[in-house]
Amino acid sequence: MSFMKLGRFALATALATTLGLGAAAAETLRLSHNTGDGTTWHKGAERFGELLAERSGGEMEVRVFPNAQLAGGDQMRQADMVGRGALDLVVTSAINVTPLVPEMAVFSLPYLYANYDQVDATTAEGGPAERLAEILEEKGIKVLAWGENGFREVTNNVRPITSPADMAGLNMRVAGPMYIDVMNALGANPQQMQWTETLTALQQGVVDGQENPIGAVIIPQQVFEVQRYLTTWHYSYDPVFLGISKAKWDSYDAETQAMLQETAAEAMDYQRQITREGTATGLDFLRERGMEVYEPTEEELAAFREATQPAFDQWAERVGPDLVQSFRDAIASAN
């Protein structure tokens, strides 16, 4: 080989090595969530990954794992894994974190909220949700941004739900401990179950019904294919949040932290928007798909509120009266 050819070969080798090192230097973050890849949770997570790759100049990328794959299908384990640094990122709902942080149940207290303005008043900057972010950080999870699961509505295959009496005896899948007490107060038989198991359980009649938001879960997860009746009782609200391992967060400089926070806020704003849009058009869609939709009157909602008051009082005491009052004060300011 001539000296000139040897020189060109050495240069090409050096460039290839440099490029290889550059590619290897790109950091891949693993993000877990517990719903399917057609949900707004997944779309919000993917938007975060797209924005982060763009704004980091390709130096950071996100791999999204749906259905709690990295936690063995256990939706409750994800937050604990992020807190221990075993996972980088999580998109999960408040109710899924209550085993780790019982105070997170405050969002979902029955009939705490009446509308989105009240919700937004609690999760806005300076709102009482910042206290929950502080508690989560003590558990090793840095909240980057709040998103939305939504108002949880009830579905079943037995009968229309128009009053608390209609819940009596129904076998209901629930996501977390607080909902067990709510369903018991209504006379139903609650069964806590992973979401990854729920659709099959509904299809096989292992449980009669479930409760979840329309835009974030019922439509994208095609619950309407295995459930006949839906009642828009708005009995509980559930936010989601995008969180990062505190250990991972602390490893970044201030500039990278700011980029992560801003990117997460934009992605979760998008996730919240498409969730609310899906909810707004959802009832007509579900009726077209054959579901019988019942929309309770204010008097009927009052009956559900009264029936679930014991569960509200029980969990308000558990999460802390001062925290509950801070939420009520923020809600009052939005009225």
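Thresholds, definitions, all that
Residues numbered from 1 in each chain as written. Predicted model: local features only at pLDDT ≥ 70, side-chain atom pairs only at ≥ 80, totals over all residues. Heavy atoms only, no water. UniProt positions renumbered as here; feature names shortened; annotations may be inferred. Buried < 20%, exposed > 50% of the residue type's maximum accessible area, 1.4 Å probe, protein only. Helix = DSSP H or I, 4+ residues; strand = E, 2+ residues; numbered from the N terminus. Arc of directions from axis to C-beta. Contact = heavy atoms within 4.5 Å. Polar contact = N/O pair within 3.5 Å; in protein donor to acceptor, adjacent residues only side chain to side chain. Phe/Tyr/Trp six-rings, centres within 6.5 Å; stacked < 30°, edge-to-face > 60°. Lys NZ or Arg CZ within 6 Å of the ring centre and 35° of its normal. Salt bridge = Lys/Arg side-chain N within 4 Å of Asp/Glu carboxyl O. pLDDT = per-residue confidence, 0-100. Pairing = 2+ DSSP bridges.

An unreviewed UniProt entry annotates the protein as Tripartite ATP-independent transporter solute receptor, DctP family of Paracoccus tibetensis. Note on the protein: under the UniProt heading Subcellular location (unreviewed entry), the record states "Periplasm". Recorded in UniProt for the protein, the comment headed Sequence similarities (unreviewed entry) runs: "Belongs to the bacterial solute-binding protein 7 family."

> What should I look at first to understand helix H4 (residues 116–123) in this one?
Those residues of H4 not exposed but buried are Gln 118, Val 119, Thr 122 and Thr 123. Each buried residue of H4 sits inside an arc of 130° when the element is viewed along its axis, so together they form one side. Buried positions along H4 lie against helix H5 (129–138), strand S4 (141–156), strand S8 (229–245), helix H10 (254–280) and helix H14 (321–334). A side-chain oxygen of the first residue of H4 lies 3.2 Å from the backbone nitrogen of Asp 117; this N-cap is Asn 115.

> Looking at this structure, how should I read unusual backbone geometry?
Notably, Asn 67 is not glycine yet its phi reads approximately 60°, a positive angle. Backbone geometry places His 234, a non-glycine residue, at a positive phi of 50°. On the basis of relative accessible area, His 234 is assigned to the partly exposed category, the value being 35%.

> Help me understand the side chain of Thr 40, please; the structure alone is not making it clear to me.
Note on placement: Thr 40 falls in helix H2 (residues 40–55). The class for Thr 40 is buried, based on a relative accessible area of 5%. When neighbours within four sequence positions are excluded, Thr 40 is seen to be in contact with Glu 148, Gly 215, Ala 216, Gln 271, Ile 274 and Thr 275.

> Can you help me understand the packing of aromatic side chains in this one?
Applying the stated rule across the entire model yields ten aromatic pairs. A ring pair is formed by Phe 107 and Phe 327, whose centres lie 5.3 Å apart and whose planes are at 85°; its orientation type is edge-to-face. You can see Phe 107 sitting in the loop between strand S3 (89–93) and H4 and its partner Phe 327 sitting in helix H14, a full 220 residues away along the chain. Above the ring of Tyr 270, the side-chain terminus of Arg 47 is found at 3.7 Å from the ring centroid. The positively charged end of Arg 276 is found above the aromatic ring belonging to Tyr 116, 4.1 Å away from the centroid.

> Would you mind going over helix H7 (residues 195–204) with me for this structure?
Each α-helix winds once per 3.6 residues, and so residues spaced three or four apart point in a common direction. Within H7, burial applies to Trp 195, Thr 198, Ala 201 and Leu 202. The arc that holds every buried residue of H7, seen down its axis, measures 100°, which confines them to one face. Counted as exposed and oriented over 90 degrees from the buried face of H7: Gln 203 and Gln 204. With its phi angle positive at about 80°, Gly 205 sits one or two positions after the end of H7.

> When you look at the pattern of salt bridges in this model, what are you seeing that I'm missing?
It is possible for side chains bearing opposite charge to pair when their charged atoms get close. Under the criterion given, the structure shown has 16 salt bridges. A salt bridge links Lys 246 to Glu 137, with the shortest nitrogen-to-oxygen separation between them at 3.8 Å. Of this pair, Lys 246 sits in helix H9 (residues 246–250) while Glu 137 is found in helix H5, placing the two residues 109 residues apart along the sequence. A relative accessible area of 28% places Glu 137 in the partly exposed class. Here the residues in one salt-bridge network are Asp 120, Glu 148 and Arg 276, joined through shared partners.

> Would you mind showing me how to read the environment of Tyr 270 here?
Its place among the elements puts Tyr 270 in helix H10. For Tyr 270, a relative accessible area of 23% corresponds to the partly exposed category. When the C-alpha atoms of Tyr 270 and Phe 48 are compared, they prove to be 9.5 Å apart, with 222 residues separating the residues in sequence. Not counting chain neighbours up to four residues away, the residues in contact with Tyr 270 comprise Lys 43, Gly 44 and Arg 47.

> What exactly am I supposed to notice about the confidence of the model for the protein here?
Caution applies to low-pLDDT regions: their predicted coordinates should not be interpreted in detail. Model confidence for the protein is summarised by a mean pLDDT of 92, while 93% of its residues fall at 70 or above. Here residues 1–23 scores under 50 on pLDDT; set against residues more than four positions off or in separate chains, the count is two contacts.

> Would you mind showing me how to read the pairing of S8 here?
The side chains of a regular strand alternate between the sheet's two faces. Across the 17 residues of S8, 16 count as buried, placing the element largely inside the fold. Bridge count for S3 against S8 is five bridges, and the pairing is antiparallel. Its bridge partner lying in S8, Leu 89 is registered against Ile 244. The sheet contact formed by S4 and S8 spans 13 bridges and is antiparallel. If you follow Gly 147 over to S8, its bridge partner there is Val 240.

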